[in-house]
Amino acid sequence: MNSKPPKIRMRGVRKAFGPKVVLDGIDLDIAEGESVVVIGGSGTGKSVLLKCILGIIRPDSGLIEVDGVDVSGLNSAERDELMGKFGMLFQGSALFDSLPVWENVAFGLIQARGMEREAARNIALKKLAAVGLGPEVGALYPAELSGGMQKRVALARAIATEPEIIFFDEPTTGLDPIMGDVINDLIVKCVRELGATTLSITHDLASARKIAHRIAMLHGGKIIWQGPVAEIDQTDNPYVDQFIHGRAEGPIQMQVSR
Amino acid sequence: MTAAAPEDGVIIRMLAGVGRIFLDFLATVGKLSMFTGRALMHCVTPPFYFRLVVRQMVDIGYYSLPVVGMTAIFTGMVLALQSYSGFSRFSAEGAVATVVVLSMTRELGPVLAGLMVAGRIGASMAAEIGTMRVTDQVDALTTLSTNPFKYLVTPRLIAGLTMMPLLVLVADIIGVFGGFLIGVNKLGFNPANYLTQTFEFLEVKDVISGLTKAAAFGFVISLMGCYHGYNSRGGAQGVGTATINAVVSSLILILILNYLITEMFFAR
C-alpha cells in the first residue's frame, strides 16, 4: 500500500508442538499505524502467532521482521531493547499480583527505562486516568479489582511506555458486552493518540469490527483470508462466512483432530 | 519362532522404558545445567535489581529465623540429654559440651536449617514463580523489556547463597545455647566449665565447614525452587507438581551435598 517497509513482516512462519502443527506458513504484513485483527476459532494458534513475534516462542522456520530487522537471531539484551517498542495486553491481564496497581502500570518505565519511582508514579496515574480509573485505584492490588478493571489496568500498563507496536490478546474475552465495548473504545482512543501499530487477536467480531482497519482469518495454521474490515460481510469465502455467522455447519470442523 | 517374538517384544519394551527414563534424566541434568549457567551469568551482568535482592534476603533470612531457631534450640537440648545419658555409660559425661557444639556446627545446624528452609522457601519460590508462569506474568515481564531470569531467578539465588550461612550461624549459637540450658539446669554442669569445654576443642574448620554447607544448601534450595517454578506447565496442578518437585529435589540434594562437603573437609 505504501512505499515504506511494513512495521511487521512475516513470511512462511511455521511452528509445531510435537506432531501438532499450529502455524503452517504464515504470511502477514502490518503497515505502520495500521490496526490488524486476526480472527479464528479457539486453539487455531492465534496466541502462538503473537508469542512468535514477541520471541517468547521460537518459530521452527520462517522470517519475522520488525522495522525491517530480522528478530530471530537477537540475544537477550537486544531482545529486551526490541521489547521497548512493544506493549502487550494479555488475555488474562497477567498483572503482577505482588505489586500495587500503579507499580504495575509504571513497571516498564521503572525497570526498563530506569525512571525515578516518583516520576513514573505520576505518569502511571495519568495513564490510569486515561483508562477511566481514579488515583485511589493506584494503591490497590490487582487481586482487589474486578475483571473489567484489571483489563483497564493491563491496558494502561501496555500503553504506559508509549510503544510503537501494541498487541492485544483477546481484549474483551470474559467481559460483559458493555464493559467489552468500553475496552474497545479505550483501545481505539489510546491507539489513535499514540499513533501505534496494533495487532489484535480475538474471536469477538464486535470487537474486531470496532478496532480493526484490516481483518485476517487464521485457520489450519494459515491466513486463509484478509481484507479491509468493510469487506468481511461481502466475502464469499466459506470459512469466513461460517465464522462471522457462528454456524456449527460448514467447512470448519470444530473437533481438533490435526 | 513365533512363540519367542512376544517375549522379545516384552524385553525390548522394558529396555525402552529404562532407556527413556535414562534419557529423561540426562535431559533434565542438561536443562538444569543450562539453567544454572544462565542464572550465574545474570548474577554478574547488569542491570541488578537490588530492591528485589533485599526483599528476598528479608524473606529467606529474617522470616525463617523463628522456625530455624525453634529447630536449633530443641536439637541442642536433645543432643545434650542424649549424649549425657549415652556417655554416662562409659563415664564420659565431660564430653557433652564438645559433642553438642561439634554436632551443631558441623552437621545439625546446616542440615536441619537447610531442611526447614527448603520446606519454607523452596516451596514458596516454586509456587510463586510457577503461578506467575501459568498466568502469563513471566511473559509479561518479557514484553516490558525485563528479563524474567534476571528479575525472578537471580535475586533469589543471591539471597539464598548469602542468607543461609547467616541463618546457620544463628542456628549454631542457639543450638549450643539449648545444650547449655539443659547441661546447666538439668544435668548439673557448672556454667563456666560448660562454656570452657564448649570452646576447648572447637576449631575454626568446624564452623567453616558448616557455613560452606549452608551456602551450598541455600543455593540449591533457591535453584530448585526457581527451576521447577520457572518450568511449570498447566495451571494449578502444574504449580502443585512444581512445588513437590522443588521441595523433594532440594531435600535430596541437600543430603547428598552434605555428604560430599563433609568428605571434602574431613576425609583423610
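Keep in mind the model is a prediction, meaning the values are calculated, not measured. Here the residue index of a chain counts from 1 through its sequence in written order. Chains carry letters and ligands carry numbers; both start at the beginning, A for chains and 1 for ligands, and go up in the order they are written. Since the coordinates come from a predicted model, pLDDT governs what is reported: local features require at least 70, and pairs of side-chain atoms require 80 or more to be given and counted, while whole-chain, interface and lining totals use all residues.

**Student:** Would you mind showing me how to read the overall build of chain B here?
**Tutor:** Note on conventions: DSSP H or I runs of at least 4 residues are helices, E runs of at least 2 residues are strands, and numbering of each starts at the N terminus. When you go through chain B residue by residue, the secondary structure sums to 9 helices and 0 strands. In sequence order, chain B lays out its α and β elements as α-α-α-α-α-α-α-α-α. Computation of the radius of gyration draws on C-alpha atoms, with the globule rule given as 2.2 Å multiplied by the number of residues to the power 0.38. Expected size for 268 residues packed as a compact globule is a radius of gyration near 18 Å; at 23 Å, chain B overshoots this value by more than 25%. Expressed along its principal axes, the backbone C-alpha trace of chain B runs to roughly 75 × 65 × 35 Å. Considering only intrachain contacts with a sequence separation of at least 6, the fraction spanning at least 24 residues in chain B is 87%. Think of it this way: build a C-beta for each residue from its backbone, and any pair within 7 Å is a contact.

**Student:** Looking at this model, I keep getting lost on the overall build of chain A. Mind explaining?
**Tutor:** Within chain A one finds 8 helices and 10 strands. Expected size for 258 residues packed as a compact globule is a radius of gyration near 18 Å; at 18 Å, chain A falls within 12% of this value. For the C-alpha atoms alone, the extent of chain A along its principal axes is close to 55 × 40 × 40 Å. Buried, partly exposed and exposed are defined by the number of other C-beta atoms within 10 Å of a residue's own C-beta, namely 20 or more, between the two limits, and 12 or fewer respectively, with C-beta atoms placed from the backbone. Expressed as a percentage of its 258 residues, the buried residues of chain A come to 43%. By sequence separation, contacts in chain A at least 24 residues apart represent 65% of the contacts at least 6 residues apart.

**Student:** Teacher, can you tell me more about the interface of chain A and chain B here?
**Tutor:** How big an interface is tends to be stated in terms of accessible area lost as the parts join. With 16 residues of chain A at the interface, the matching set in chain B holds 11 residues. Elements that contribute at least two residues to the side of chain A that touches chain B include exactly α2 (76–83), β6 (86–89) and α3 (101–112) of chain A. When residues of the side of chain A that touches chain B are assigned to their parent elements, the largest contribution, 4 residues, is made by α3(A). Among the residues making up the side of chain A that touches chain B, the classes are represented as 10 nonpolar, 5 polar and 1 charged. Under the grouping applied here, Gly and all other residues not named as nonpolar or charged are polar, the nonpolar ones being Ala, Val, Leu, Ile, Met, Phe, Trp, Tyr, Cys and Pro and the charged ones Asp, Glu, Lys and Arg.

**Student:** Quick question: what am I supposed to make of the domain arrangement of chain A here?
**Tutor:** Residues and elements named next belong to chain A. The split into domains, and so the bounds of each, comes from an automatic or database assignment of domains. Domain assignment breaks chain A into domain 1 (1–82 + 166–174 + 181–258) and domain 2 (86–162). Computed over C-alpha atoms only, the centres of domain 1 and domain 2 are separated by 25 Å. Among the secondary structure elements, those contributing two or more residues to the side of domain 1 that touches domain 2 are β7 (165–169) and α6 (177–194). Examining the composition of the side of domain 1 that touches domain 2, we find that 5 residues originate from one element, α6, more than from any other. Its residues assigned to classes, the side of domain 1 that touches domain 2 shows 10 nonpolar, 2 polar and 2 charged.

**Student:** I keep staring at the pairing of strand β4 (residues 61–66) of chain A and nothing clicks. Help me out?
**Tutor:** Residues in a regular strand project their side chains so that they alternate between the two faces of the sheet. Residue and element names in this part refer to chain A. When DSSP finds two or more bridges between two strands, those strands count as paired. Bridging between strand β1 (residues 8–17) and β4 involves 5 bridges; their strand directions are antiparallel. Pairing of M10 across the sheet is with I64, part of β4. Relative to strand β5 (residues 69–70), β4 runs antiparallel, the two being bridged by 2 bridges. Bridge pairing links V66 to V69 in β5.

**Student:** Please explain the pairing of strand β3 (residues 35–39) of chain A as it appears in this structure.
**Tutor:** Residues and elements named next belong to chain A. Among the 5 residues in β3, 5 count as buried, and that is most of the element. Alternating positions in β3 separate into two faces, S35, V37 and I39 on one and V36 and V38 on the other, with burial throughout. Where β3 lies against strand β8 (residues 197–202), 5 bridges are found, and the strand directions are parallel. Within β8, the position partnered with S35 by the bridge is T198. The sheet contact formed by β3 and strand β9 (residues 214–219) spans 4 bridges and is parallel. Among the inter-strand pairings, V37 is bridged to a residue of β9, identified as I215.

**Student:** Is there a simple way to think about the nonpolar core in this case?
**Tutor:** Buried together is how nonpolar side chains tend to be arranged in soluble globular proteins. Think of a nonpolar core as buried Ala, Val, Leu, Ile, Met, Phe, Trp, Tyr and Cys residues chained together by C-beta atoms that fall within 7 Å. In terms of nonpolar packing, the biggest core is built from 132 residues, with V38(A), L49(A), V105(A), L155(A), V100(B), V117(B) and V220(B) touching the most fellow members. It is helix α4 (residues 96–134) of chain B that provides the largest number of residues to this core, a total of 18 residues. Structurally, this core is a two-domain feature, drawing no fewer than three residues from each of domain 1 (1–82 + 166–174 + 181–258) and domain 2 (86–162) of chain A.

**Student:** What is the right way to look at the environment of G12(A) in this model?
**Tutor:** Residue and element names in this part refer to chain A. Looking at the element boundaries, G12 is found in strand β1. On the basis of neighbour count, G12 is assigned to the partly exposed category, with 14 C-beta atoms found within 10 Å. Separated by 62 residues in the primary sequence, G12 and L74 place their C-alpha atoms 19 Å from one another.

**Student:** Can you walk me through the sheet that holds strand β10 (residues 222–228) of chain A in this structure?
**Tutor:** Sheet strands pair by backbone hydrogen bonding; their relative direction is either parallel or antiparallel. Residue and element names in this part refer to chain A. Pairing is mixed in the open sheet, where 6 strands are placed in the order β6-β7-β8-β3-β9-β10. The open sheet is flanked by β6 and β10, the only strands paired with a single partner. Going from strand to strand, the sheet's axes swing by 15 degrees on average, the running direction of each strand aside. A fitted line through C-alpha atoms represents every axis, and for helices the fit uses only the stretch in contact; the resulting angles, taken between N-to-C directions, go from 0 to 180 degrees. Of the strands in this sheet, β3, β6, β7, β8 and β9 touch helix α1 (residues 46–54), which is tilted by about 150 degrees from β8.

**Student:** Explain the sheet that holds β5(A) here, please?
**Tutor:** Taken in spatial order, the 4 strands make up an open sheet running β2-β1-β4-β5 (chain A), and their pairing is antiparallel. Looking at strand neighbours, the two that pair on one side only are β2 (20–30) and β5 of chain A, the edges of this open sheet.

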